[in-house]
Amino acid sequence: EEVRQFIRDNALMWLEEYRVDGLRLDATSFIRNVYGNNNDPDNDLEDGWGLMQWINEEVDERHPWKITIAEDSGGNSWITKPSEEGGAGFSSQWDIGFLGRIRQTLTVPNDYGRDMHAIAAAIYTHEDAVKRVIYTESHDEVANLKKRLPEEIWPGNAGCWFSRKRSTLGAALVFTAPGIPMLFQGQELLEDRWFNDQQPMDWTKLEKFAGIHHLYRDLIRLRRNFDNNTRGLTGPNVAVHHINNHDKVVAFHRWQNGGAGDDVIVVLNFADCSYDSYTLGFPRPGRWNVRFNSDGQGYSPDFGNHLGYDTEAQTLRWSKPDGMMWGANVGIGPYSALILSQ
């Protein structure tokens, strides 16, 4: 009882005195299960589940607008189910499956080893979108001599073209796939050193990689619909309608209610080649405008600035691309992302 009271008092201190927006509980799989990372109910710890339910019920009662997140690596859907249904009652949990699929795809040395079906599986979620947190770096991946994503892409050369292109392609996925996007400190500066809480970030990189910082800012603006033309990125709906594992291209449709300013098409090229006229299906006819092109030289002088042009979706007499009524051509650079809307 003393331990429970201590946990309760500390949680409420952060929520009420320090007015944080929410709490993340560490290593919840070891709270709820004898072995951790295990979803076998025979190994469940009843007191552990009860503790998590009690914390979440207390937060919901006093601060129902605040979020609680479980760092749970088991992918257990009961973590985010309401406590009255037997779940732990968390608002969301880290999606380690997303992390694993994306990092594997971005770090494999050769393009032929990149699996677009794994990318599609990472984009889809069978839960409510806000019930998962998606990311490519966290303290677990980059601490204790482990590597940051750009460093893992090319060890010893994290600032190179390949590391910048592929790590920002991962960032585009984090901010366009359904889920709560999470950044680890320094990603927006292309920080390459493993995380040590006694060592500050290298702030000289803010100037050296100012364009990368700008790219992250642009993605955040689009994800939050600042310009009122990418509302679909804030919505729950997704359809991966184009998977080309041969040419390493994936495209998906995001929407909230649908319509102009809402429907969003995201195109991702995971190969070291560009396309001047790549045909895709589109959910609505008419003009689609490029809102983001990660190959722009404003993000780095050595990016190719491959033309990602506005395009016109129309009925194509000879085919229905991706099974859709309308199709259009897009241009996209190597290891690049396009975001389009009407």
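A few points on the structure. Small disclaimer: the values here were computed from a predicted structure and weren't measured.

**Section: the overall build of the protein**
- Helices and strands together make up the secondary structure of the protein, namely 10 helices and 13 strands.
- By the compact-globule yardstick of 20 Å for 342 residues, the protein fits well, its C-alpha radius of gyration being 21 Å.
- Principal axes of the C-alpha set define a box for the protein whose edges measure 70 × 45 × 40 Å.
- Every one of the 342 residues in the protein was classed for burial, and the buried ones make up 52%.
- Look at the contacts in the protein between residues 6 or more apart in sequence, and 65% of them connect residues 24 or more apart.
- When the accessible surface of the protein is summed, it comes to about 16000 Å², and 49% of that surface belongs to carbon and sulfur atoms.

**A short note on the environment of Val249**
- You can see Val249 is positioned in strand β7 (residues 249-255).
- What makes Val249 buried here is its relative accessible area of 1%.
- Counting along the chain gives 59 residues from Val249 to Gly308, while the straight-line C-alpha distance between them is 15 Å.
- Sequence-distant contacts of Val249, defined by excluding residues within four places in its chain, comprise Met116, His242, Ile243, Asn244, Val267, Leu268, Asn269, Tyr275 and Tyr278.

**Some points on the packing of aromatic side chains**
- For the structure shown, the criterion picks out 10 aromatic pairs.
- Ring centres of Trp161 and Phe162 lie 4.9 Å apart, and the angle between their planes is 90 degrees; on these two criteria the pair is classed as edge-to-face.
- Taking 6.0 Å as the distance between ring centres and 55 degrees as the angle between the ring planes, the aromatic pair formed by Trp161 and Tyr335 counts as tilted. Residue Trp161 is located in helix α8 (residues 161-176), and its partner Tyr335 is located in the loop between β12 (326-332) and β13 (336-341); the two are separated by 174 residues in the primary sequence.
- Following the ring pairs from residue to residue traces out a cluster consisting of Trp154, Trp161, Phe162 and Tyr335.
- Its guanidinium or amino end placed over the ring of Trp78, Lys81 lies 5.1 Å from that ring's centre, counting from NZ or CZ.
- Its end group placed over the ring of Tyr335, Arg166 keeps NZ or CZ at 5.3 Å from the ring centre.

Cut-offs used in this document
Residues numbered from 1 in each chain as written. Predicted model: local features only at pLDDT ≥ 70, side-chain atom pairs only at ≥ 80, totals over all residues. Heavy atoms only, no water. Helix = DSSP H or I, 4+ residues; strand = E, 2+ residues; numbered from the N terminus. Rg over C-alpha atoms; globule rule 2.2 N^0.38 Å. Buried < 20%, exposed > 50% of the residue type's maximum accessible area, 1.4 Å probe, protein only. Contact = heavy atoms within 4.5 Å. Areas by Shrake-Rupley, 256 points an atom, 1.4 Å probe, with all protein chains shown as cover. Phe/Tyr/Trp six-rings, centres within 6.5 Å; stacked < 30°, edge-to-face > 60°. Lys NZ or Arg CZ within 6 Å of the ring centre and 35° of its normal.

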